[in-house]
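Here are the chains, one letter per residue:
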Amino acid sequence: MASVKDLTQGQPGKVLIRYTLPLFFSVFFQQLYNIADTAIAGKYVGEQALAAIGASYAITMLFMAVAVGSQIGVGVVLGNLFGRKDFMRVRSCMTTALIFGAVLSLLLTVTGILGSAFLMQLVNTPADIFREGERYLRIYTGGFVFVFMYNIITASFSSLGDSKTPLYLLMFSSLSNIALDLLFVVVFKQGVPGLAWATFIAQAAACIIAFILILRRIGQVPQSKGAALFAPKDLKDMVVMSIPAILQQSFISVGNLIIQTFINPYGSAVIAGYTAAIKLNTFAITCFTNAGTGMSGFTAQNLGAGLPDRVKEGFRAAMKMVCAIALGFTAVYLLGGNALLRLFLNKESSELALQTARNFMCITSPFFAIICVKVLADGILRGSGSMGFFMIATLVDLVMRVVLAWIFSQFMGPTGIWMAWPLSWATATLLSMIFYRLGTWYKHIDMHTQTES
């Protein structure tokens, strides 16, 4: 198949890095859009617009949890089957995932449109930003079907070793989104709703293009004539892998939602500062997480081919690369933090907003290397289907962050909330490494996705 790469051949470290680098560039363009979206809101609409978008951010991440969890489940099953060279089931899994994904995403889209006001009330959104935040959320969730399907399609590409097509799609989506942001906000003066509509249109266009490309790729799968269009067994395997990932992602989103309720009472200036800082934080963390995604695809294919030692070699090589990138992010955020934050906050923004953002970055960024270790170990756990271990480590991170944020905020205010991040990261990283070192992960996937006799 064109653009499909077998990750079970070649020197593990080099193969993994070549596979992962396009994923890094993909997330760069994805986060470039997120940063531009927030920066345009803060610069051209104002601090309250930035706060309105920030207030809905944790809610949008709850929807994304379902999309990302499903993406992980589809990716693990497809990657393992491709490693086994079971092309008949590769094709049936791809079509089954598309059909089921379309149904589920439509249901979630309707839920988001109808429940946006209730969800904004749930997180104690201040009255002065409630209306704009609710409008943004309603439009965003109206386009969620495109976001969800896009994630399912890119999981299919990545599982077949093709990390370049998702990169090109994200480049198109991100750059067009930025252009539309400027058009709707700067030219048409549409404010916060304009930002939401720009996202809606760009994501819809990217999803349609991705859908056309994946249909062509399905037709190129070798030795797959006669494969079922919808296979209940394949759906079951993907659901088995997806549910723990969705729960894990949902728990994270619920945790962020709870933390947002701790932050919102401090007012729109603190919300705006947190929104600016969390965007930069998310930019770095998502880059690291994408390395974990690459590690998952690499693990799934190599375990499918019965080659666990290649996974260990790849892990060591990826560790050096990602930790070096993390140190670079830390240096940039500590030395150039004020300049970066001014991308989001205009001259009229309060000093409190800037100081809030700066405190968050100074507390969290020195610990980026620690979270890198976790996401790579988690990538192996996910790729092997060891979702129980993966969930435990992630839930510990989440529960600790929420509990510590609440405790510390009682006597340290917002600064106490930010301190919960590095403490929870360190504990969860230790757990993930313990689970990796136990070594049971390389046998776990055989309990799933077995080829039918």
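In the block above lies the structure referred to throughout.
Rules and cut-offs
- Residues numbered from 1 in each chain as written.
- Predicted model: local features only at pLDDT ≥ 70, side-chain atom pairs only at ≥ 80, totals over all residues.
- Heavy atoms only, no water.
- 1 Å grid on protein atoms, 1.4 Å probe; cavity = no way out; pocket = protein on both sides within 12 Å on 5 of 7 lines; lining within 4 Å.
- Points joined across faces, edges and corners; volume = space filled by probe spheres on them.
- Helix = DSSP H or I, 4+ residues; strand = E, 2+ residues; numbered from the N terminus.
- Nonpolar A, V, L, I, M, F, W, Y, C, P; charged D, E, K, R; others polar.
- Salt bridge = Lys/Arg side-chain N within 4 Å of Asp/Glu carboxyl O.
- Buried < 20%, exposed > 50% of the residue type's maximum accessible area, 1.4 Å probe, protein only.
- Patch = residues over 30% accessible without salt bridge, like charges linked within 9 Å, V, L, I, M, F, W, Y side chains within 5 Å.
- Areas by Shrake-Rupley, 256 points an atom, 1.4 Å probe, with all protein chains shown as cover.
- Axes fitted to C-alpha atoms, helices over the stretch in contact; angles between N-to-C directions.
- Parallel < 35°, antiparallel > 145°, perpendicular 65-115°, else oblique.
- Contact = heavy atoms within 4.5 Å.

Draft legend 1. Main features of the layout of surface pockets. The calculated volume of the largest pocket comes to roughly 180 Å³. In terms of lining, the largest pocket is formed by 15 residues, of which the most central are Ser70, Phe100, Leu104, Val239 and Ser242. Sorting elements by how many residues they give to the lining of the largest pocket places helix H8 (residues 232-263) first, with six residues. Residues that form the lining of the largest pocket fall into these classes: 11 nonpolar, four polar and no charged.

Draft legend 2. A look at the pattern of salt bridges. In the structure shown here, the tally under the stated rule is nine salt bridges. Ionic pairing is found between Glu134 and Arg138, a salt bridge with its closest N-O pair at 2.8 Å. Of this pair, Glu134 and Arg138 both sit in helix H4 (residues 127-142), separated by four residues, roughly a single helical turn. For Glu134, a relative accessible area of 11% translates into the label buried. The salt bridge partner of Asp397 is Arg401, with a shortest N-O separation of 3.0 Å.

Draft legend 3. Here's a closer look at a nonpolar patch on the surface. A cluster of nonpolar side chains, namely Val399, Val403, Trp406, Ile407, Phe411 and Met412, defines an oily patch on the protein surface of about 580 Å² accessible area. Inspection of the secondary structure assignment puts Val399 in helix H13 (residues 387-412).

Draft legend 4. A look at unusual backbone geometry. Positive phi, close to 65°, is recorded for Lys85, a residue that is not glycine. Looking at Lys85, the relative accessible area reads 37%, which means it is partly exposed. Despite not being glycine, Lys189 has its phi angle at roughly 60°, a positive value. In this fold, Lys189 is placed in the loop between helix H6 (164-187) and helix H7 (191-219).

Draft legend 5. A look at the packing of helix H2 (residues 47-84) against helix H9 (residues 268-304). At their nearest, the axes of H2 and H9 sit 11 Å apart, and the two run at 0° to each other. By the angle between their axes, H2 is roughly parallel relative to H9. Residue-level inspection shows Glu47, Leu50, Ala51, Gly54, Ala55, Tyr57, Val76, Gly79, Asn80, Phe82, Gly83 and Arg84 of H2 in contact with H9, the latter providing Ser268, Ala269, Ile271, Ala272, Thr275, Lys279, Thr282, Ala300, Gln301, Leu303 and Gly304.

Purely geometric stuff here, so don't read any function into it on its own.
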